[in-house]
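These are the residues of each chain, in order.
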Amino acid sequence: MNLLTDDWIPVEIAGMQQRISLQTLLCDDPDCTIKTFRDDMDLATLQLLVCLVQVVFMPDDKKVLKQRWQKPLTVSEYQDGIASFLDWFDLLHPKTPFMQTANVTPEKGDKNWASLQKLFMGLPEKTSSSPTSSAFFDTTDEITNIPIGDAAIALFQQATNGFSLGGVGYSVGLKGSMPLTTLVVSESLRKSIWCNVLSREFLEPFGILDVLIPEPTWITPPHSRFTEEQAHHIGLARGLFWQPAKVKLALCNGLVTGFYKEAGTCTVKGYWQHPHTPIDILRLQANDPKEKPYLSGQGNQPLWGQMLSYFYSAENIKTLDINRGGYSRALVVQQYQAVWRGAGIKLAVGGYIKGGSTESLAGRKHELYSLSTDWDAKISEIDCLIKIGLNTQQKLDSAIRNFADLAETTFKDRRDGKPRQQTGKEGHFRKNLRNKAKQQYFDNSETIMHSILRNLVFDDLAGYQKRFSQLAEQVFEQVISPYEHEDKMLQPVLVARRKLDYELKNLNKPSDGATP
């Protein structure tokens, strides 16, 4: 099964799910959307398609890029382009299977076999005892077999945006564990792909075109030419399809049923400029080999809380505050701004959320943010909007903490009538209430944020503050509603409600950062 010639791309056309080839997509330009069974796999499919086209059909400059965006490739152009890459993207190639190691074989008793679900982040996995393996409360037989094309998407996603396949004995990808992905979305799937393909002219200053090792890892394995793998040796194709693990898919009757893996670590010295993920400037400057400088999702805030990092460069962010640290947008957004100057932008943002440790998973988040024309000149407005949303949540959190503290001190220990003893640690009651309120606020805030961003007007900040304040009030009432009818809870409810009302009214003052 070859990604350049076979029908493997899962799409929906006129309400019907089917699979099409990359040639059909790039040459016929069908009216279709990616259709998999999970949002993370949808984004992974788009990213895989972008990487394929980037490597095989990289345009020379922005003029050629815009021509390819406007007009589909001819069949002859497509066939000529893929001719020298066919062996790279064959999942069943006897010597160099796509993102696999051909000589990984079953051990006695299939000890090195792993269930298919290990390739899908968050699904429970038969051969794992990690809490992460049941993060989304599915069953261990949710996926028992999949088409080879879907396995290609899963292999790519796990290696590029996941974590290691087995802990200490296995390495993570070039971007570390669970980085965010940001990709531009256009009016069709074909045009979306080209919006994220970087031209040779744009990439030349970054030093990833003329390098010592241009081939992907399944052609030239890591450490096969040099004892120490250096980031500046890694070419574009090698970096985009970096596979740190040694794996081999297991097939039965043409379907993938699992895979075999072989322990072995692969470390890369230095930083490789991945075009689809924003970077943390401070971490990059620190040059700590244990800390990858790529942006990842945060469990304590929504995706919009890091929005400046998706759309703007570090230089733009410095205009807000010269002492402000931060991130710098991905290269695909940087090129889009230069090539489609003045146009609006839709940006798909997604990734996994880390749990308590580097290799634990707390969830996944995926959103599509739309900014109107001249978005590149609205950094102050967007910064202000983010502050409004986050500051409002902080006021909600303060009121919930106030309610919980008052409620806890109201009750005596039922066994001996003594007052509740303070331990210095946050109690389960308060912690659970705060987490519940925060989750509800952030989940519902996405809809508000999307509607505002579509028509962001600097003069309407008071209206935006009102919408977030109303959300905070609604969440507060929902969270405390189980307690407000208890006599002993009436006073804590009234006090905390007054506190929230007072603090929300004060948010319009400049001292709270609600206005620039």
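Quantities reported herein were computed from a predicted structural model and do not represent experimental measurements.

1. Some thoughts on the sheet that holds strand β2 (residues 16–20)
For step 1, the next point in the chain: Spatially, 3 strands are ordered β2-β1-β3 in an open sheet, and the strand pairing comes out antiparallel. Each having just a single partner strand, β2 and β3 (33–34) make up the two edges of the open sheet.
For step 2, the next point in the chain: Taken together, the 5 bridges between strand β1 (residues 9–13) and β2 define a ladder with antiparallel strand orientation. From the neighbouring strand, E12 faces β2, where its bridge partner is Q17.

2. Here's the deal with the packing of aromatic side chains
For step 1, the next point in the chain: By the definition in use, this model includes 25 aromatic pairs.
For step 2, the next point in the chain: When the centroid spacing of 6.1 Å and the interplanar angle of 50° are considered together, the rings of W304 and F468 count as tilted. Highlighted residues: W304 in the loop between α9 (281–286) and α10 (307–311) and F468 in helix α15 (residues 461–480), separated in sequence by 164 residues. Judged on exposure class, the residue W304 and its partner F468 are both buried.
For step 3, the next point in the chain: Cluster of aromatic residues (ring-pair linked, three or more members): F85, W88, F89, F98, F156, W218 and F241.
For step 4, the next point in the chain: The side chain of K191 reaches across the aromatic face of W69, ending 4.3 Å from its centre.
For step 5, the next point in the chain: A cation sits over an aromatic face here: K261 above Y170, 5.0 Å from the ring centre.

3. Digging into the pattern of salt bridges
For step 1, the next point in the chain: On inspection of all chains with the given rule, the structure shows 17 salt bridges.
For step 2, the next point in the chain: For R364, the salt bridge identified is with D39, shortest N-O distance 2.8 Å. Of this pair, R364 sits in strand β13 (residues 361–371) while D39 is found in helix α2 (residues 39–56), placing the two residues 325 residues apart along the sequence.
For step 3, the next point in the chain: Judged by relative accessible area, which is 27%, R364 ranks as partly exposed.
For step 4, the next point in the chain: With its nearest N and O atoms 2.9 Å apart, the salt bridge here joins R497 to E477. Pair noted here: R497 is in helix α16 (residues 490–506) and E477 is in helix α15, with a separation of 20 residues, a long-range link.
For step 5, the next point in the chain: Salt bridges sharing partners connect three or more residues here, namely R38, D39, D40 and R364.

4. Regarding the packing of helix α14 (residues 428–453) against α15
For step 1, the next point in the chain: Running from amino to carboxyl end, α14 crosses α15 at an angle of 150°, the nearest separation of the two axes being 9 Å. One finds that α14 runs roughly antiparallel with respect to α15. Seen from above, α14 lies across α15 with right-handed handedness. Across from L433, K436, A437, Q440, Y441, N444, S445, I448, M449, S451 and I452 in α14, the residues of α15 making contact are Y464, R467, F468, L471, A472, V475, Q478 and V479.
For step 2, the next point in the chain: Partitioning the contact of α14 with α15 into residue classes produces 12 nonpolar, 5 polar and 2 charged.

Rules behind the numbers
Residues numbered from 1 in each chain as written. Predicted model: local features only at pLDDT ≥ 70, side-chain atom pairs only at ≥ 80, totals over all residues. Heavy atoms only, no water. Pairing = 2+ DSSP bridges. Helix = DSSP H or I, 4+ residues; strand = E, 2+ residues; numbered from the N terminus. Phe/Tyr/Trp six-rings, centres within 6.5 Å; stacked < 30°, edge-to-face > 60°. Buried < 20%, exposed > 50% of the residue type's maximum accessible area, 1.4 Å probe, protein only. Lys NZ or Arg CZ within 6 Å of the ring centre and 35° of its normal. Salt bridge = Lys/Arg side-chain N within 4 Å of Asp/Glu carboxyl O. Axes fitted to C-alpha atoms, helices over the stretch in contact; angles between N-to-C directions. Parallel < 35°, antiparallel > 145°, perpendicular 65-115°, else oblique. Left-handed = near helix turned anticlockwise from the far one by under 90°. Contact = heavy atoms within 4.5 Å. Nonpolar A, V, L, I, M, F, W, Y, C, P; charged D, E, K, R; others polar.

Function cannot be inferred from these measures alone, as they are strictly geometric.
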